[in-house]
Amino acid sequence: MSVLRKIIHVVALLFVAYLMNSFALRSGIMKHPQMNKTIEQRVDSLLALMTLEEKIGQMTLFTSDWEMTGPTLRAEYKEDIRKGRVGAIFNAHTAAYTRELQRIAVEETRLKIPLIFGYDVIHGYKTIFPIPLGEAASWDLQAIEQAARIAAVEASAAGLHWTFAPMVDIARDPRWGRISEGAGEDSYLGSAIAAARVRGFQGNGFDNADAILACAKHYAAYGAAQAGRDYHTVDMSEQVLREVYLPPFKAARDAGAWTFMTAFNEWNGIPATANTRLIKDILKWEWGFPGFVVTDYTSINEMVLHGYAADDKHAAELSVNAGVDMDMQGAVYYHHLADLVKEGKVKVSRIDDAVRRILHLKFLLGLFDDPYRFCDEAREKRLIMAPEHQAAARDMARKSIVLLRNEKQTLPLSRQIKTLAVIGPLADSKQDMLGNWSASGDAKDCVTLLEGVRAKLPGQGRVLYEKGCDIENKSDRSGIAKALAVAKKADAIVVVVGEAGWMSGEAASRADIGLPGLQEELVKALVATQKPVVVVLMNGRPLAIPWVAENAPAILETWFAGTQGGHAIADVLFGDYNPSGKLPVTFPRSAGQIPLFYNAKNTGRPADPNNKYTSKYLDVPNSPQWPFGFGLSYTTFSYSDLQVDKKEFGYNDALTIRVKVTNTGAREGEETAQLYVRDLVGSVTRPVRELKGFQKVQLKPGESKVITFRLSADDLRFYNADLLFRAEPGEFDIWVGGDSNAALGTRVTLKH
Ligand code: GLC
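Along every chain, residues carry numbers that run from 1 in the direction the sequence is written. Per-residue local features of the predicted model are confined to residues with pLDDT of at least 70, and side-chain atom pairs are confined, for both listing and counting, to 80 or more; whole-chain, interface and lining totals are unaffected and use all residues. Computation of side-chain values: all heavy atoms of the structure, hydrogens and water removed.

1. Concerning the overall build of the protein chain
Reasoning step 1: Each helix and strand counted, the protein chain has 23 helices and 26 strands in total.
Reasoning step 2: In terms of C-alpha radius of gyration, the protein chain reaches 27 Å, essentially the compact-globule figure of 27 Å for 752 residues.
Reasoning step 3: The principal-axis extent of the C-alpha atoms belonging to the protein chain is close to 80 × 70 × 45 Å.
Reasoning step 4: Exposed residues in this analysis have more than 50% of their type's maximum accessible area, buried residues have under 20%, and partly exposed residues fall in between, with area computed by a 1.4 Å probe over protein chains only. A total of 752 residues make up the protein chain; the buried ones form 62% of that total.
Reasoning step 5: Between two residues, a contact is recorded if the distance between any of their heavy atoms is within 4.5 Å. Sequence-distant contacts in the protein chain: of pairs separated by 6 or more residues, those separated by 24 or more amount to 78%.
Reasoning step 6: Side chains of the protein chain carry 88 positive and 89 negative charges; the gap between the two charge centres is 3 Å. Runs of H or I in DSSP of at least four residues are treated as helices and runs of E of at least two as strands, each being numbered from the N terminus. Here the globule rule is a power law, 2.2 Å times the number of residues to the power 0.38, and the radius of gyration is based on C-alpha atoms. Counted as positive: Lys and Arg. Counted as negative: Asp and Glu, with His and the chain ends omitted from the count. Charged side chains are reduced to one point each, which is NZ for Lys, CZ for Arg, CG for Asp and CD for Glu.

Below, the structure written as structure tokens:
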């Protein structure tokens, strides 16, 4: 046989081997190569002992009756544990209560398989950090990872093994209340943050029981719900899905996330919870995901309402055959899987694959060696709300705050101020400081803004307080007169307005994203006093507040800043911390502009104010109120001397980009320099800008630093019309600056 024929023969054999291996993995016949061999043997020997009912029990997750995070509750979950019909419980925590339930599983069932306990530890367990959108505004990956690490230390001390986080849904529509739970609108930033949170939650593994399983959710494209209405339909090309919505999930998988949660929504007519393309093809086969996939709350059952399943049993068949391994709260695997197997509609090998993935993680958590290793009440007492956790929460909260406006250097306030008026319905609210999804956070532990300010200005009568109005009430103006009376006695005014904590998060879409109630009227009355007024926003989404944005002398975006929020905001108000946050999401002028995001396409008629026939509105500019990446400081920064080491680069080399950043103000400060790129011509149209890098730099007054970015052809890849992920040769504009409107730029060429 000639050499060429031998080569072809070998290549053909290798290709067949690849296909067989891929099929075996995809179909679940073969255990995943990433599994731990020793654990795998222990899983196999346990699996061999299990009845079909016991296997299905491992694929069933029920909530306890401690909390309701969805529409249904099964009161008999303890009996279900006793019968070996449930393998995981959520919304049950504390060392004592998880020990009580674990005892039933490991002492009263036939095979004594331990439970895993899950909970929505989204931005802290008991020490609550800023809402995830607020943390994202820090652009500080170390701080974000540390926040997740602390959440995991507290959650694992409270008996938990698994968090339903990070939520990594890209969101471009602020009407959608769950925009508060993610990292905003950008895939590059969202991917970096997704990986940081997974690293934080899962730490260095589970050997010392201070880490918890992460769960990347909601897979996938939940943030693209039509009209920003929660649970609504998602319809987009696979090209957009892969380019915008999947990267943070891929980043979470690559960071080692052990579980994924399917989304409530459909994608292109097929509910995510039975979407073979998403689960089997992309997640388990293409990405080689070795963990397990859990549904969202009763999302299998909801496929009947979607009009995709005839009944619960049909829904169970569709989901399990699409690759879903565990049913959250639906009890459809519980009721129907055994029959489906007996009827030959579901293969035992699929059941075994799901159970292997689940048992593997129970072994990895060490629960078969010691099912109570996370139930240590002494450790729980020592670690929960530890002082160092409070310090970290305050630090993260400070870093999450974005200075949106500061006319006439209204901020920072002086500690020598004689009298300060603190006004507004959110100024002294402990509950709202927690935001949504606050797990076991306790409002009584929260520091309000008023308390934080009073700590800065000790002394009788220096801080005057008046609520001014409610958050929602649109008729009772009596408080505004009282607020004005207080304001008249003060040298400056801090007015705290925004949303209640429950106005964002799940099932909390808003069609009008302005200030609810009479809050804007309150702000207008206070601004009319001509005194220095600082507007402090507490909110879970971008707000459309054009009058406030143009007329309030100073505006701080503080999101919901968490347990230490009041101290953190006061640190910024009085200049003990120079604000460094940058918006992870665009703030529109009007809800009518939505969806409005920086990395949009240019269109064939980009807006031209001098040409009627171009893409714009008659009544509102196209520009946002505040753009993605925007944030001011108490100092100022300049960018200069942008240099590239070559004007042309190839597929096998990289571009080095250097820029000088200078602190041109009078105070030390931290800037987040951002690198944006535009691919001028592509085989599919490309966005006008895309974030491709960012670096934080701390500068003293007058100090300059040269920062360097590296850009390779790989960084310029995108999905073309054939869904091939590749960079294309041609010209690229690059810019570096302090937000997505960065002006300092140059042009380079990627050559063939
Ligand atoms: C909820 C949410 C999901 C959460 C789950 C468990 O419906 O959609 O994010 O993790 O149920 O509480």
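2. Side note on the sheet that holds strand E6 (residues 259–262)
Backbone hydrogen bonds hold the strands of a sheet together, and the pairing may be parallel or antiparallel.
Reasoning step 1: When DSSP finds at least two bridges between two strands, those strands are taken to pair. Spatially, E5-E6-E9 is the arrangement adopted by the three strands of the open sheet, whose pairing is parallel. In the strand order of this sheet, the two ends are held by strand E5 (215–219) and strand E9 (292–294), each with one partner. Going across the sheet, the axis of each strand differs from the next one's by a mean of 25 degrees, ignoring polarity.
Reasoning step 2: In terms of strand pairing, E5 meets E6 through three bridges, oriented parallel. By the bridge assignment for E6, Tyr219 is matched with Thr262. All axes here are fitted lines through C-alpha atoms, helices being fitted over the stretch that makes contact, and every angle between N-to-C directions spans 0 to 180 degrees.

3. Concerning the site of the ligand
Reasoning step 1: If you check the shell around the ligand, you find 14 residues, and the closest are Thr69, Asp120, Arg178, His218 and Asp296.
Reasoning step 2: N or O atoms closer than or at 3.5 Å make up a polar contact, with two conditions inside protein: a donor-capable atom paired with an acceptor-capable one, and, for residues adjacent in sequence, both atoms drawn from side chains. A distance of 2.7 Å separates an oxygen atom of the ligand from a polar side-chain atom of Thr69.
Reasoning step 3: Glu506 is positioned such that a nitrogen or oxygen atom in its side chain is 3.1 Å from an oxygen atom of the ligand.
Reasoning step 4: Protein coverage of the free-state accessible area of the ligand, which is 310 Å², stands at 99%. The near set for a molecule or strand comprises every residue that places at least one heavy atom within 4 Å of it. To be clear on the numbers: accessible area is Shrake-Rupley with a 1.4 Å probe, and residue cover counts the displayed protein chains and nothing else.

4. Considerations on helix H23 (residues 565–573)
Reasoning step 1: With nine of nine residues buried, H23 is to be regarded as a mostly interior element.
Reasoning step 2: The complete set of buried residues in H23 reads Gly565, Gly566, His567, Ala568, Ile569, Ala570, Asp571, Val572 and Leu573.
Reasoning step 3: Buried positions along H23 lie against helix H17 (387–400), helix H18 (430–433), helix H19 (449–456), strand E14 (492–498), strand E15 (533–538) and strand E16 (554–557).

5. Overview of the sheet that holds strand E19 (residues 654–663)
Reasoning step 1: What the three strands build is an open sheet, ordered E17-E19-E22; its pairing is antiparallel. The open sheet has two free edges, formed respectively by strand E17 (637–644) and strand E22 (704–712), since each of these has just one partner strand. Across this sheet, the average inter-strand angle for adjacent strands is 25 degrees, counted without regard to direction.
Reasoning step 2: Both E17 and E19 contribute to a ladder of six bridges, which runs antiparallel. Bridging across to E19, Val644 finds its partner in Ile657.

6. Considering the pairing of strand E21 (residues 690–699)
Reasoning step 1: Of all the 10 residues making up E21, seven are buried; the element is thus mostly covered by neighbouring parts of the structure.
Reasoning step 2: Inspection of the sheet shows strand E20 (residues 669–679) paired to E21 by nine bridges, in the antiparallel sense. Note that in E21 the partner of Leu675 across the bridge is Gly693.

7. A word on unusual backbone geometry
Reasoning step 1: Between Tyr219 and Ala220 the backbone carries a cis peptide bond, its omega angle lying at 5 degrees.
Reasoning step 2: Its place among the elements puts Ala220 in the loop between E5 and helix H9 (238–245).
Reasoning step 3: The residue after Ile594, namely Pro595, is reached through a cis peptide bond having omega 0 degrees.
Reasoning step 4: Along the chain, the position of Pro595 falls in the loop between H23 and E17.
Reasoning step 5: Positive phi values are uncommon outside glycine, yet Asn268 reaches one of about 55 degrees.
Reasoning step 6: Asn268 gets classed as partly exposed once you look at its relative accessible area, which sits at 35%.
Reasoning step 7: Residues other than glycine seldom take positive phi values, yet Gln409 does so here, at roughly 50 degrees.

8. Some points on the packing of H9 against helix H11 (residues 276–286)
Reasoning step 1: Interhelical geometry of H9 versus H11 gives an angle of 50 degrees and a closest axis separation of 14 Å. When the axes of H9 and H11 are compared, the pair comes out oblique. Handedness of the H9/H11 crossing: right-handed. Across the interface between the two elements, Glu238, Leu241 and Arg242 of H9 pack against Arg277, Leu278, Ile282 and Glu286 of H11.
Reasoning step 2: Charged residues are taken to be Asp, Glu, Lys and Arg, nonpolar residues to be Ala, Val, Leu, Ile, Met, Phe, Trp, Tyr, Cys and Pro, and polar residues to be all remaining types, Gly included. Class assignment for the residues of the contact of H9 with H11 results in three nonpolar, no polar and four charged. Oblique is the label for any angle not under 35 degrees, not over 145, and not in the 65 to 115 range, which are roughly parallel, roughly antiparallel and roughly perpendicular in turn. Helix crossings are classified by the rotation of the near helix relative to the far one: an anticlockwise turn of less than a right angle makes the crossing left-handed, while a clockwise turn makes it right-handed.

9. Here's the deal with the packing of helix H20 (residues 478–488) against helix H21 (residues 519–527)
Reasoning step 1: Interhelical geometry of H20 versus H21 gives an angle of 30 degrees and a closest axis separation of 10 Å. Classified by the angle their axes make, H20 and H21 are roughly parallel. As H20 packs across H21, the resulting crossing turns out to be right-handed. Every residue of H21 that contacts H20 at Ile480, Ala483, Leu484 and Ala487 is listed here: Glu521, Leu522, Ala525 and Leu526.
Reasoning step 2: Taken together, the residues that form the contact of H20 with H21 break down as seven nonpolar, no polar and one charged.

10. Some remarks on helix H8 (residues 187–202)
Reasoning step 1: One less than the residue count of a helix, multiplied by 1.5 Å, gives the span that helix is expected to have. Its 16 residues give H8 an end-to-end C-alpha distance of 22 Å, which sits within 8% of 22 Å, the value for a rise of 1.5 Å per residue.
Reasoning step 2: Taken across its 16 residues, H8 has 14 buried, putting it largely inside the fold.
Reasoning step 3: The N-terminus of H8 is capped by Asp186, whose side-chain oxygen sits 3.0 Å from the backbone nitrogen of Tyr188.
Reasoning step 4: The positive-phi residue at the C-terminal boundary of H8 is Gly203, with phi of around 50 degrees.

11. Observations concerning the nonpolar core
Burial of nonpolar side chains together is a common tendency in soluble globular proteins.
Reasoning step 1: As used here, the term nonpolar core means buried Ala, Val, Leu, Ile, Met, Phe, Trp, Tyr and Cys residues forming a set that is joined through side-chain atoms within 4.5 Å. Counting 200 residues, the largest nonpolar core has Trp162 and Leu573 as its most contacted members.
Reasoning step 2: Val644, Leu675, Phe709 and Leu711 belong to the second largest nonpolar core, which has 25 residues in total.

12. Overview of the environment of Asp653
Reasoning step 1: With respect to the helices and strands, Asp653 occurs in the loop between strand E18 (648–649) and E19.
Reasoning step 2: Relative accessible area serves as the criterion here: at 30%, Asp653 is assigned to the partly exposed category.
Reasoning step 3: Through-space distance from the C-alpha of Asp653 to that of Gly665 is 38 Å; in sequence the pair is 12 residues apart.
Reasoning step 4: When sequence neighbours within four positions are dropped, the list of residues in contact with Asp653 reads Lys646, Ser712 and Ala713.
Reasoning step 5: One polar contact links the side chain of Asp653 to the main-chain amide nitrogen of Gly650, over a distance of 3.1 Å.

13. Some points on the pattern of salt bridges
Reasoning step 1: Salt bridges are counted wherever a side-chain nitrogen of Lys or Arg sits within 4 Å of a carboxyl oxygen of Asp or Glu. Considering all chains together, one arrives at 56 salt bridges under this definition.
Reasoning step 2: Salt-bridge contacts for Glu108 lead to Arg103; the nearest nitrogen and oxygen are separated by 2.8 Å.
Reasoning step 3: Between Glu690 and Arg686 there is a salt bridge; the shortest N-O distance is 3.5 Å. You'll find Glu690 and Arg686 in the same group, each marked buried.

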